[in-house]
Amino acid sequence: MSPPAVVIDRSLTRRIAALALPALVVLAAEPLYVLVDTAVVGHLGSVPLAAVAVGGTVMSLAVWFGTLMAYGTTGRAARRFGAGDRTAAVEEGVQASWLALTTGVVLVLLAQVFAGPLTRALASDPEAAHAAAGWLRIAVLGIPGLLLAAAGNGWMRGVQDTRRPLYFVLGANVLSAVLCPVLVYAADWGLTGSAVANVTAQSITGALFLWAIIRERAPLRPVPSVIGNQLVLGRDLLIRGAAFQACWLSATTVAARFGVAALGAHQIALQLWFFAALALDAVAIAAQSLVGAALGAGDEPAAREVARRVTLVGGIAGVCFAVLAAAGAGIIPGLFTADRAVHDQAAIVWPWFVAMLPFAGVVYALDGVMIGAGDVGYLRTMTLVGALGGFLPLIWLSYALSWGLPGIWAGLAMFTLVRLVALLLRWRGTRWAVVGATR
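Every residue gets a number counted from 1 within its own chain, in the order that chain's sequence is written. Per-residue local features of the predicted model are confined to residues with pLDDT of at least 70, and side-chain atom pairs are confined, for both listing and counting, to 80 or more; whole-chain, interface and lining totals are unaffected and use all residues. Side-chain numbers come from the whole structure's heavy atoms, not from hydrogens or water.

Trainee: Explain the environment of Leu19 here, please?
Mentor: Per the convention used, a helix needs a DSSP run of H or I reaching at least four residues, while a strand needs a run of E reaching at least two, with both numbered from the N terminus. The residue Leu19 is located in helix 1 (residues 3-42) in this model. C-alpha of Leu19 to C-alpha of Ala282: the two residues are 263 residues apart in sequence and 7.9 Å apart in space. Residue contacts are defined here by distance: any two heavy atoms, one from each residue, within 4.5 Å place the two residues in contact. With residues up to four places along the chain from it excluded, the contact list for Leu19 reads Gln160, Thr162, Ala286, Ser289 and Leu290.

This is the structure:
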């Protein structure tokens, strides 16, 4: 490699890291705050803890909507930014913010009406269901802020500004983490204090992103045609996300049929898988921003080089996670439980978990490439193919034929393999790399 090529090579890697590392902190902030909130509420007793678990399950739907909104906005804003039109990129954020605000208000109203029936359906204990409904009716008031923050993260990543989102999200969540025990214990608000702390963090974050977009001085009026295009993109991401949810739910349901120890081991490995996915998503976010900008600038070779590099970085990150997981095989399960039966089941799952991580790193990176390119329809279709043709048949066969956890994790491996092959084939072709300010 010639010296100039080495310089370009290192520069691109630094740009990927500069986008990925702040994004990783932003991605981790909300789950870490949830852990703090759970720990605080847990000391109030089993009923409040169950109430937060049930209410948090319902709130996770809003978080899911927010993730879809952020990812959909990043690619569209990045194309505009790459084409040299920052104002148009910010305008994508304006329209996403209108969509976020409208969706948030609708979800708040629905939750006020259906909080009781929802929590009763999820909680078998009437006291826990009642407490969860009260918590949820307050906590949902933060949904508009949560979705505004998601839209803000989307357009800011699109214009390659990941520093301000880091300050906004981290600052608000740290404030709320301090506020939570104060309201729960010192103010003696109990479970209500937890809900108010949630609303505070989400509302402050949303307000900061709203302030940032107003300062850009872009036109603030809603444009239905642009919002409609964002909804089409969101629809494909929503269908894709629903396929993932169906897979995880089915896997947990089947694992439960093999006993408590198998379910515990499965849950430990699956949560660690989700944690790895969270970290690898940071590389995918860098890919969304850089690929979208390159295609928006009309530079297909640059987009392909970014795709190549983030795939390499994703693969290396996956290998690093695999090495750590392999080294901790005898230690990590013990951090979750002292039950030897669970440890024995975890030993069965662990080789599958470790072996898949390097491939998962490549898959997540290429997911980011395709989202940045706006090739979301292909992602949707291939995810459905992997779920319906690989994952779901294998795990239900595992139940029918008593294959146990190896059958379930073979299904997850097949799901990952189908997506990997599909993404590599797409990446080697030309149909994803459509240049221009819009796809």
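Trainee: Would you explain empty space enclosed by the protein in this entry?
Mentor: Each cavity reported here is a set of points on a 1 Å grid over the protein atoms alone in which a 1.4 Å probe fits but cannot get out, each pocket an open set with protein on both sides within 12 Å along at least five of seven lines, and each lining residue one with an atom within 4 Å of a point. Grid points are joined across faces, edges and corners, and a volume is the space filled by probe spheres set on the points. Inspection of the entire model under this criterion finds 3 cavities of 30 Å³ or more. A volume near 40 Å³ is recorded for the largest cavity. Lining the largest cavity are Trp248, Trp273, Ala360, Val363, Tyr364, Leu412, Phe415, Thr416 and Arg419. Broken down by element, the residue count for the lining of the largest cavity peaks at 4 residues, all from helix 14 (residues 405-428).

Trainee: Would you explain a nonpolar patch on the surface in this entry?
Mentor: A contiguous nonpolar surface patch, about 380 Å² in accessible area, is contributed by Val25, Leu170, Val174, Val178 and Val182. No other element matches the 4 residues that helix 6 (residues 163-186) contributes to the nonpolar patch. Relative to the helices and strands, Leu170 resides in helix 6. Patch members must show over 30% relative accessible area and no salt bridge, and they are joined within 9 Å when carrying like charges or within 5 Å when they are nonpolar side chains of Val, Leu, Ile, Met, Phe, Trp or Tyr. To be clear on the numbers: accessible area is Shrake-Rupley with a 1.4 Å probe, and residue cover counts the displayed protein chains and nothing else. The working definition used for a salt bridge is a side-chain nitrogen of Lys or Arg within 4 Å of a carboxyl oxygen of Asp or Glu.

Trainee: Even after reading the chapter, I still don't get the pattern of salt bridges, so can you show me in this structure?
Mentor: A pair can form between side chains of opposite charge whenever their charged atoms are brought close. Applying the stated criterion to the full structure yields 12 salt bridges. Close ionic contact of Arg164 with Asp161 constitutes a salt bridge, the shortest N to O distance being 2.7 Å. Relative accessible area decides the class of each residue, using a 1.4 Å probe on protein chains only: under 20% of the type maximum gives buried, over 50% gives exposed, and in between gives partly exposed. Overall, the relative accessible area of 23% leaves Arg164 in the partly exposed class. Note on Asp161: relative accessible area 16%, which makes it buried. Note that Asp236 and Arg380 form a salt bridge whose closest N and O atoms lie 2.7 Å from each other. In this pair, Asp236 is assigned in helix 8 (residues 224-256) and Arg380 in helix 13 (residues 376-400), connecting sequence segments 144 residues apart. Looking at Asp236, the relative accessible area reads 8%, which means it is buried.

Trainee: Please explain the packing of helix 9 (residues 260-296) against helix 14 as it appears in this structure.
Mentor: Angle between the axes and distance between the axes: these two values describe a pair of packed helices. Close contact between helix 9 and helix 14 brings their axes to 11 Å; oriented N to C, the two are set at 25°. Here helix 9 lies roughly parallel to helix 14, going by the angle between them. Of the two possible hands of crossing, helix 9 and helix 14 adopt the one that is right-handed. Contacts between helix 9 and helix 14 involve Ala262, Ala265, His266, Ala269, Leu270 and Trp273 from the first element and Leu405, Ile408, Trp409, Leu412 and Thr416 from the second. Here the axes come from fitting lines to C-alpha atoms, over the contacting stretch only for helices, and the angles between their N-to-C directions go from 0 to 180 degrees. Orientation categories follow fixed angle ranges, with anything under 35 degrees roughly parallel, anything over 145 roughly antiparallel, 65 to 115 roughly perpendicular, and all other angles oblique. Whether a crossing is left-handed or right-handed is set by the direction in which the near helix is turned from the far one by less than a right angle, anticlockwise for left-handed and clockwise for right-handed.

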